[in-house]
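If you want the building blocks of each chain, they are given just below.
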Amino acid sequence: MGGLILVFTIAIAVFFSSGINSQLVPAIITFGDSTVDVGNNDYIKTVFQADHPPYGKDFTNHQPTGRFCNGKLATDLTADNLGFTSYAPPYLSPQASGKNLLLGANFASAGSGYDDTTAELSHVIPLSQQLQYFKEYQSKLTSVAGSKNASDTIKGALYIIGSGNSDFLQNYYVNPFINKHYTVDEYSSYLISIFSSFVKSLYGQGARRIGATSLAPIGCLPLARTIFGQHERGCVASFNTDAQQFNKKINAAATQLQRQNPGLKIVIFDIFKPLYDLVQNPTKFGFTEATKGCCGTGTVETTSILCNQKSGICSNSTEYVFWDSVHPSQAANQVLADTLIIQGIPLIA
Ligand SMILES: *[C@@H]1O[C@H](CO)[C@@H](O)[C@H](O)[C@H]1NC(C)=O
Ligand SMILES: *[C@@H]1O[C@H](CO)[C@@H](O)[C@H](O)[C@H]1NC(C)=O
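In what follows, the accompanying structure is described. (Residues numbered from 1 in each chain as written. Chains lettered and ligands numbered in written order. Predicted model: local features only at pLDDT ≥ 70, side-chain atom pairs only at ≥ 80, totals over all residues.)

Of all 5 residues making up strand β5 (residues 265-269), 4 are buried, and the element is well covered by its neighbours. In this sheet, β5 lies alongside strand β4 (residues 209-213) in parallel orientation, the contact comprising 5 bridges. In the strand pairing of β5, Ile210 is matched with Ile266. (Buried ≥ 20, exposed ≤ 12 C-beta atoms within 10 Å, placed from the backbone. Helix = DSSP H or I, 4+ residues; strand = E, 2+ residues; numbered from the N terminus. Pairing = 2+ DSSP bridges.)

Written as structure tokens, this is what we have:
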């Protein structure tokens, strides 16, 4: 065990020292939901927007960016760890042009999922449309950087997929058209089949390094506790069981994809366990509050209607695991980003 920890420590030290001078990957290309959306929803008509204070209060310039957080997302912190000094702008923003395209692209949209129906319910960008935007991005990149540089960038880039939580919280659990017809297990398998086709499509277009996040302990999100847990302390256990079943399936799918597609490196990042540990034992990690978010009452506030300038905020968000009722604070995202390093970002980067 001690030996294993030593090996990890050395691997991380080498990894960080090599990250100081340059980026470990040429670009980062991101798909998914609010866990990774850097502001695409600011450019479409939906209520799922984080374009107003107090979102972004601890980000550079203290302005809202469209991120559902007080500061940086786990993926921003991961980009920092990989040696990036700036982030790909939201793909729908005017800044996603010219040289900025060399950094990569972010197509994610809060409220989206693997299932396009999830996105349609929230009027956000479905995953299939995010894939279309990726095709468009490749031709823009080719005109900016030339075809050799563009294909090297596409091949060398780190691809991040952060999706699935909304499929359960904003679709399956609340949508009788789905939950009356499919068991959770069937719906999970359906989502995984979409994930697998999506990865194959990325691979077909040149992607070789892919990291996807597992589901979070969705039963522990303050929103789930409030709406589905009858205000009990503790988490909605059945939701967490569903998430763990999904996570088993996505890990099996990734193993199979890696076997079937030569040269593909794919890692599923487990965010379930680190976030669950934070919620169960916040003080161990330097947090004091894990049952409600910092913004407003922290139990239901997530969107423009609910977490806004009039909502009060907690006095010190670094002590809160959650920023709003669904999304981790920057302080918690830092804990997650640190575990992603140990879980294999060096393997694919
Ligand atoms: C593409 O070109 C840019 C700017 O000239 C350069 O910084 C980058 O390293 C190139 N990327 C690849 C993958 O060759
Ligand atoms: C916020 O809380 C953290 C952790 O308890 C502490 O280290 C920090 O000093 C606090 N910041 C302020 C401004 O009180």
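Time to look at the sheet that holds strand β1 (residues 28-32). Strand order in the open sheet formed by 5 strands is β2-β1-β3-β4-β5, with parallel pairing between adjacent strands. Single-partner strands in this sheet number two, and they are β2 (104-106) and β5. Between one strand and the next, the sheet's axes are offset by a mean angle of 15°, whatever the strand orientation. Pairing geometry for strand β3 (residues 158-162) and β4, over 4 bridges, is parallel. Its bridge partner lying in β4, Tyr159 is registered against Ile210. (Axes fitted to C-alpha atoms, helices over the stretch in contact; angles between N-to-C directions.)

The next subject is the site of ligand 1. Taken together, Pro26, Leu102, Ala145, Asn149, Asp152, Thr153 and Gly156 are the residues near ligand 1. No other element matches helix α5 (residues 147-156), which puts 4 residues into the shell around ligand 1. Here the shell around ligand 1 is composed, by residue class, of 3 nonpolar, 3 polar and 1 charged. (Near = placed C-beta within 6 Å. Nonpolar A, V, L, I, M, F, W, Y, C, P; charged D, E, K, R; others polar.)

To continue, consider helix α4 (residues 127-145). A rise of 1.5 Å per residue sets the reference length of α4, with its 19 residues, at 27 Å; its end C-alpha atoms lie 26 Å apart and thus fit the reference within 8%. Turning to α4, its buried residues are Leu127, Gln130, Phe134, Tyr137 and Leu141. Across the axial projection of α4, the buried residues extend over an arc of 60°, all falling on one side. Away from the buried face of α4 by more than 90 degrees, exposed residues Ser128, Lys135, Glu136, Ser139 and Ser143 are located. Just downstream of α4 lies Gly146, where phi reads positive at about 90°. (Expected span 1.5 Å × (residues − 1). Arc of directions from axis to C-beta.)

One can find Asp42 in the loop between β1 and α2 (74-81). In this structure the C-alpha to C-alpha distance between Asp42 and Ser93, which are 51 residues apart in sequence, comes to 8.5 Å. Setting aside anything within four residues of it in sequence, one finds Asp42 in contact with Gln49, Asp51 and Gly66. (Contact = placed C-beta atoms within 7 Å.)

Surveying the vicinity of ligand 2 reveals the residues Gly286, Asn316, Thr318 and Glu319. When grouped by side-chain class, the residues that make up the shell around ligand 2 number no nonpolar, 3 polar and 1 charged.

This part takes up the nonpolar core. Membership of the largest hydrophobic core comes to 95 residues, with the highest contact counts inside it found for Ile28, Ala157, Tyr159 and Ile218. Discounting chain neighbours no more than four positions away, the residues touching Ala157 are Val25, Pro26, Ala27, Ile28, Ile29, Gly104 and Ala207. (Core = buried A, V, L, I, M, F, W, Y, C linked by C-beta atoms within 7 Å.)

This brings us to unusual backbone geometry. Between Pro53 and the following residue, Pro54, the backbone shows a cis peptide bond with an omega angle of 5°. The phi dihedral of Asn61 falls on the positive side, at around 70°, and the residue is not glycine. Along the chain, the position of Asn61 falls in the loop between β1 and α2.

Attention shifts here to helix α6 (residues 165-172). Burial within α6 is extensive, with 8 of its 8 residues counted as buried. Along α6, the residues classified as buried are Asn165, Ser166, Asp167, Phe168, Leu169, Gln170, Asn171 and Tyr172. Contacts from the buried residues of α6 go to α3 (116-122), α7 (176-179), α8 (184-204), α9 (222-228) and α10 (237-260).

What follows concerns the packing of α2 against helix α12 (residues 330-343). For the pair α2 and α12, the least separation of the axes is 8 Å and the interaxial angle reads 50°. With respect to their mutual orientation, α2 and α12 come out oblique. α2 and α12 meet at a crossing whose hand is right-handed. Between α2 and α12, the residues in contact are Ala74, Leu77, Thr78 and Asn81 and Asn333, Gln334, Leu336, Ala337, Leu340 and Ile341, respectively. Its residues placed into classes, the contact of α2 with α12 shows 6 nonpolar, 4 polar and no charged. (Parallel < 35°, antiparallel > 145°, perpendicular 65-115°, else oblique. Left-handed = near helix turned anticlockwise from the far one by under 90°.)

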